Each structure stands twice: as structure tokens, then as C-alpha cells.
Amino acid sequence: MPCQLSVNVNAIAYLRNRRDLPWPSLEELSRVALDAGAHGITVHPRPDERHIRRTDVTALVTMLRKDWPGREFNIEGYPDERFLQLVEVEKPDQVTLVPDDPSQSTSDHGWDFAKDGARLKDIIARLHRSKFRVSLFVDPDPAAPAKAKAVGADRVEIYTGPYGGAFDPALMQREFDKVVATGKAAEQAGVGLNAGHDLTRENLPRLVAALPNLAEVSIGHAITADALMMGMGETVRLFRKAIA
């Protein structure tokens, strides 16, 4: 299967929340993205609702189920009880567990399996009882996929921020090599592969070419930034071309 594109709409919600107004509309921009060929929509609700709100989750999953059957809804978040209850009510296709502190502006590291492995195993078992696909956010470390598999994960999402944020060619190559090694280790471990963070139309093609097993990329900031200039529909089409 070719790599799929999930559009993260957190940045759109953050822009909307600057004012007490209903625009930009997450639902309408998600429709534009899906119409342009996005495989799914990703949200990352946080306890303070500084971007995605609980009501957004309900509205988006309702829209997807009604008007876009077959497209995927992915909820990311730190697995406290409030988050797990939200997931169990809204029933996404995929749940991506991240080790965020609530005060973080964005995800910036993967799980520490030595510290959190036992708890993750119990949480994943709970999510599997509801038939959710579970992905774990991991650092670009070839040892991580086997550890994720051991606690029950179906997929891993490699944190690609160090690769995407590297502008020195030598550093970029080192970070690229780490991501690729981790992606290949995921295939060997028998877990699916996702990736996300600071991925752009410029740095995606070589990553997709190097990892034929890459199932999904989740992208928000770069898509939102490009959409301000080119519109959401054209931006999604260009990102799909970049991963084709």
C-alpha cells in the first residue's frame, strides 16, 4: 500500500481560538482536505483545549462517519483517564499515544519503555478491547519498534522532528539515517510504521523512497503554513504528490 496522508488540524484550531469566532472552520477545511485526497484527519486534544476542543472531536468524527466513510480518524494524546474515556466515546480508527506533559507546545520525544512499558501494556490492552489500532510515538531509535511490539502496539510513529528541523546537510543526513534505521527495524519487528513532525514537501520524498513500509505520515504545521499561501486543497494535492 502507498503511504497515506493524514492532515493534523491542530494549528487551524489554534488560529481559530485566538478569537471567540467560529472560523476558520475545522470541519470545512477538513472537508476540503479530504476532497483533495487526504486519507484521514488527525487531532491532538489537550487538557486545556488550547487548540482542539472536545466538541471539535465529536464534530469531526461525526462528519467523517457520515460523509467520508472509509477515511480515517486519528486521535493523539497522553493516555490519562480523561483522554482514554474520550477515545472510548468517540471511537477513532487509530489512537496514537504520546508521552506529552500537558504544558508542552508540541510532542518532542518518544516513550521511555523502561519507565512506562508496563503501564503502556495495560493501556494498549484496554484500547484493543474496543478494537482500536494503537500507535506509539517513538524516538528515531532502532531499538524502539521491538519494545513497542512487546507492549502490544500495532504501529509506531517515528518522531521526525530532528530530521525535519535539521538544515545543516551533515546533520540532516545523520538524522535521516536514524529515522530510516528505525523504520526498517519496525518492519523487522512486525509493527506498522507511521511518521510525523516537521515533515515538508521538500524532505518527504526521500524518506518515503527509503521506507517502502511507511504506512502514514501525519502533518499539520507545514500543511497549514502552505495552505495560507496556496489554499488547503492545492496544498494537500502537492503533499500527496510529494509522498507518491
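## Description of the overall build of the protein chain
Along the protein chain, the regular secondary structure elements total 11 helices and eight strands. Over its C-alpha atoms the protein chain spans a radius of gyration of 17 Å, differing by no more than 12% from the 18 Å that the globule rule assigns to 244 residues. Split into buried and exposed, the 244 residues of the protein chain put 51% on the buried side. Look at the contacts in the protein chain between residues 6 or more apart in sequence, and 68% of them connect residues 24 or more apart. Just so you have it, the protein chain exposes about 11200 Å², and 54% of that area is on carbon and sulfur atoms.

## A short note on the packing of helix α10 (residues 221–230) against helix α11 (residues 232–243)
Between α10 and α11, the shortest axis-to-axis distance is 7 Å and the interhelical angle comes to 125 degrees. As summarised for this structure, α10 and α11 are arranged oblique, according to the angle between their axes. Judged by the sense of rotation from one axis to the other, the crossing of α10 with α11 is right-handed. The residues of α11 that touch α10, namely those facing Ala222, Ile223, Asp226, Ala227 and Met230, are Met232, Glu234, Thr235, Leu238 and Phe239. Per-class residue counts for the contact of α10 with α11 are seven nonpolar, one polar and two charged.

## Points about the packing of helix α2 (residues 26–35) against helix α3 (residues 54–67)
The contact between α2 and α3 brings their axes to 10 Å, and the two run at 35 degrees. Relative to α3, the crossing made by α2 is right-handed. Taking contact as the criterion, the partners of Leu26, Glu27, Ser30, Arg31 and Leu34 in α2 are, on α3, Asp56, Ala59, Leu60, Met63, Leu64 and Asp67. For the contact of α2 with α3, a count of residues per class yields six nonpolar, one polar and four charged.

## Topic: the packing of aromatic side chains
One pass over the structure, following the stated rule, counts three aromatic pairs. Ring plane angle 50 degrees and centroid distance 5.6 Å describe the contact between Phe137 and Tyr159, whose orientation is recorded as tilted. With a gap of 22 residues between them, Phe137 in strand β5 (residues 133–138) and Tyr159 in strand β6 (residues 155–159) connect regions that are remote in the sequence. Here the aromatic rings of Tyr163 and Phe176 are separated by 5.6 Å at their centres, their planes lie at 50 degrees, and the arrangement is tilted. Placement of Tyr163 in helix α7 (residues 161–164) and of Phe176 in helix α8 (residues 169–189) is noted, with a sequence separation of 13 residues between them.

What counts and how
- Residues numbered from 1 in each chain as written.
- Predicted model: local features only at pLDDT ≥ 70, side-chain atom pairs only at ≥ 80, totals over all residues.
- Heavy atoms only, no water.
- Helix = DSSP H or I, 4+ residues; strand = E, 2+ residues; numbered from the N terminus.
- Rg over C-alpha atoms; globule rule 2.2 N^0.38 Å.
- Buried < 20%, exposed > 50% of the residue type's maximum accessible area, 1.4 Å probe, protein only.
- Contact = heavy atoms within 4.5 Å.
- Areas by Shrake-Rupley, 256 points an atom, 1.4 Å probe, with all protein chains shown as cover.
- Axes fitted to C-alpha atoms, helices over the stretch in contact; angles between N-to-C directions.
- Parallel < 35°, antiparallel > 145°, perpendicular 65-115°, else oblique.
- Left-handed = near helix turned anticlockwise from the far one by under 90°.
- Nonpolar A, V, L, I, M, F, W, Y, C, P; charged D, E, K, R; others polar.
- Phe/Tyr/Trp six-rings, centres within 6.5 Å; stacked < 30°, edge-to-face > 60°.

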